[in-house]
Amino acid sequence: MAHLGGSASADIDAALQRVWQVIEDVATAPEWQGGLDRLTVLERDKAGRATLVETENDIKVRRIKAHVRFRYDGPRRLSWTQEKGDMKSVEGAWELEDLGGDRTRATYTLDADPGRVLGLVIRGPGDAATRAIFVNGRPGELKRRVESA
């Protein structure tokens, strides 16, 4: 079964630090990320940032759960890895690039292996719908969140 994922970017009319503030606040992600229905913070670092969370996602063909570990390398990179969950593996990241003039390019990357059983459920049209929600749509969602604040 092929991996799900890819990369997508958006240019945002806001300073890099403002964009970083939004993506760094992992606990509020369900407010603006489609398909991410629930996020429960399980562990925080000394700065109060979520480092381990439990998520529940609606991938249209079924709901999937995961425990995800976050790594902060701000203000340019937030990355994560699934520690356990319904998918075989999940890794992703937000990368931010300062374009100058209070503009930032945000690039979202996801690499997910659904595993054999889940892969059979989401193949074909389900694969395209899942990719559209969890990769292609993320930068636009971030852009709307940042620019509307």
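**Comments concerning the overall build of the protein chain**
Consideration 1: Scanning the protein chain from terminus to terminus reveals four helices and seven strands.
Consideration 2: Helices (α) and strands (β) of the protein chain occur, in sequence order from the N terminus, as β-α-β-β-β-β-β-β-α-α-α.
Consideration 3: When each of the 149 residues of the protein chain is scored for burial, the buried share is 44%.
Consideration 4: Expressed as a percentage of contacts within the protein chain between residues at least 6 apart in sequence, the contacts between residues at least 24 apart total 53%.

**Remarks on the packing of aromatic side chains**
Consideration 1: The tally for this structure, following the rule as stated, stands at five aromatic pairs.
Consideration 2: Their ring planes at 45° and their centres at 5.9 Å tell us that phenylalanine 70 and tryptophan 80 sit as a pair that is tilted. With phenylalanine 70 in strand 4 (residues 63-73) and tryptophan 80 in strand 5 (residues 77-85), this pair connects stretches of sequence that are ten residues apart.
Consideration 3: Tryptophan 80 gets classed as buried once you look at its relative accessible area, which sits at 10%.

**What about the packing of helix 1 (residues 16-24) against helix 4 (residues 138-148)?**
Consideration 1: Interaxial distance between helix 1 and helix 4 falls to 10 Å at its minimum, and their mutual angle equals 115°. Here helix 1 is positioned roughly perpendicular relative to helix 4, judged by the angle of their axes. The way helix 1 lies across helix 4 gives a crossing that is right-handed. Every residue of helix 4 that contacts helix 1 at Arg18, Val19, Val22 and Ile23 is listed here: Leu142, Arg145 and Val146.
Consideration 2: Tallied by class, residues from the contact of helix 1 with helix 4 come to five nonpolar, no polar and two charged.

**Remarks on the side chain of glutamate 56**
Consideration 1: By secondary structure assignment, the location of glutamate 56 is in strand 3 (residues 50-58).
Consideration 2: On the basis of relative accessible area, glutamate 56 is assigned to the buried category, the value being 13%.
Consideration 3: Engagement of the side chain of glutamate 56 in a polar contact is seen with the side chain of arginine 63, the distance being 2.6 Å.

**A closer look at the pattern of salt bridges**
Consideration 1: Enumeration according to the criterion identifies 16 salt bridges in this entry.
Consideration 2: Measuring nitrogen to oxygen at the nearest pair gives 2.6 Å for the salt bridge that ties arginine 63 to aspartate 37. Of the two residues, arginine 63 sits in strand 4 while aspartate 37 sits in strand 2 (residues 36-44), which places them 26 residues apart along the sequence.
Consideration 3: By relative accessible area, which is 40% here, aspartate 37 ends up partly exposed.
Consideration 4: Linking glutamate 56 and arginine 38 is a salt bridge whose minimum nitrogen-to-oxygen distance equals 3.4 Å. Of this pair, glutamate 56 sits in strand 3 while arginine 38 sits in strand 2; the two residues are 18 residues apart in sequence, bridging distant segments of the chain.

**Focus: the pairing of strand 7 (residues 104-113)**
On a regular strand, each side chain points to the face opposite its neighbour's, so the side chains alternate between the two faces of the sheet.
Consideration 1: Within strand 7, seven of the ten residues are buried, which leaves the element mostly enclosed by the surrounding structure.
Consideration 2: Here strand 1 (residues 4-12) pairs with strand 7 via nine bridges, running antiparallel. Note on strand 7: the bridge partner recorded for isoleucine 12 is threonine 104.

About the thresholds
- Residues numbered from 1 in each chain as written.
- Predicted model: local features only at pLDDT ≥ 70, side-chain atom pairs only at ≥ 80, totals over all residues.
- Heavy atoms only, no water.
- Helix = DSSP H or I, 4+ residues; strand = E, 2+ residues; numbered from the N terminus.
- Buried < 20%, exposed > 50% of the residue type's maximum accessible area, 1.4 Å probe, protein only.
- Contact = heavy atoms within 4.5 Å.
- Phe/Tyr/Trp six-rings, centres within 6.5 Å; stacked < 30°, edge-to-face > 60°.
- Axes fitted to C-alpha atoms, helices over the stretch in contact; angles between N-to-C directions.
- Parallel < 35°, antiparallel > 145°, perpendicular 65-115°, else oblique.
- Left-handed = near helix turned anticlockwise from the far one by under 90°.
- Nonpolar A, V, L, I, M, F, W, Y, C, P; charged D, E, K, R; others polar.
- Polar contact = N/O pair within 3.5 Å; in protein donor to acceptor, adjacent residues only side chain to side chain.
- Salt bridge = Lys/Arg side-chain N within 4 Å of Asp/Glu carboxyl O.
- Pairing = 2+ DSSP bridges.

Everything listed here is a matter of coordinates, which is why it stays silent on function.
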